[in-house]
Amino acid sequence: MAAVQVADLTRACEPSQTNIPLIFIDLAMFDQLADWIPKLTNAHPGALLALVQTDARRSVPIDDILQSDAICGVLPMHLKLDIWLSVIRLLLIGGEYIPAALLRTQSRERIDAPQVLPRAPAPPGPFDPRELSGLTEREMQILEMVARGLQNKVIAAQLQLSEHTVKIHLHNIITKLGTSNRTQAAAIFHRSRGGDMDGASSLPLLSAR
């Protein structure tokens, strides 16, 4: 297997003559990554996306990474070579990897942080039909299944897609709707049907071409 290194995301979005199964992106670029993921997936269909931690001192937005359905893992560059290669093999076969050290750091930060009572969420506004107008038929189908509470692996099995492809579609849905997660996206779908989250089980399954 060969590796190709480019200096920026613009170069990374250039089509390749060979199949690219896995793309590593420097963790420093994570803040701008959301706008580039659709371009990367269009240039390299089926490629998995993972982050590389080149600087162990850099703060890691672990919550944002865990909520991103497009990122399959974080690879620290300070790992021993045999472990490093094992992580790459895991990612290539569709696995996910988040270093335990990052999760422990996140846990300690939450314990040490002052407790602040969350504000009550604002009531949802009236549904605007334009909210869903930008979704493709496949994205609408996946959003409907998400709104029924189905997990990505179940959606993938029913639609005969890979779980990674479902994650990419879900990321595009969340981006187009301007939401932060799948729960908010599902809420928009339920509002479009004049219902709420409790009515998910009664929704019909949309068919795909």
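Overview of the structure. (Residues numbered from 1 in each chain as written. Predicted model: local features only at pLDDT ≥ 70, side-chain atom pairs only at ≥ 80, totals over all residues. Heavy atoms only, no water.)

Things to note about a nonpolar patch on the surface
Part 1: The grouping of Met1, Leu90, Leu92 and Ile93 at the surface amounts to a nonpolar patch, some 460 Å² of accessible area in total.
Part 2: Counting through the fold element by element, Met1 comes out in the segment before α1 (9–12). (Patch = residues over 30% accessible without salt bridge, like charges linked within 9 Å, V, L, I, M, F, W, Y side chains within 5 Å. Areas by Shrake-Rupley, 256 points an atom, 1.4 Å probe, with all protein chains shown as cover. Salt bridge = Lys/Arg side-chain N within 4 Å of Asp/Glu carboxyl O. Helix = DSSP H or I, 4+ residues; strand = E, 2+ residues; numbered from the N terminus.)

A word on the environment of Leu132
Part 1: Assignment of secondary structure puts Leu132 in the loop between α6 (100–112) and α7 (137–147).
Part 2: Taking the C-alpha atoms as reference points, Leu132 and Lys176, 44 residues apart in sequence, are found 8.4 Å from one another.

Overview of unusual backbone geometry
Part 1: Phi at Gln160 takes a positive value of approximately 55 degrees, unusual for a residue other than glycine.
Part 2: By the secondary structure assignment, Gln160 is in the loop between α8 (152–159) and α9 (163–177).
Part 3: Overall, the relative accessible area of 75% leaves Gln160 in the exposed class. (Buried < 20%, exposed > 50% of the residue type's maximum accessible area, 1.4 Å probe, protein only.)

Observations regarding the environment of His44
Part 1: Tracing the sequence through the fold places His44 in the loop between α3 (37–43) and β2 (48–53).
Part 2: Of the residues examined, His44 reaches a relative accessible area of 8% and is grouped as buried.
Part 3: Excluding its chain neighbours within four sequence positions, the residues that come into contact with His44 are Ala12, Glu14, Pro15, Ser16, Ile20 and Ile23. (Contact = heavy atoms within 4.5 Å.)

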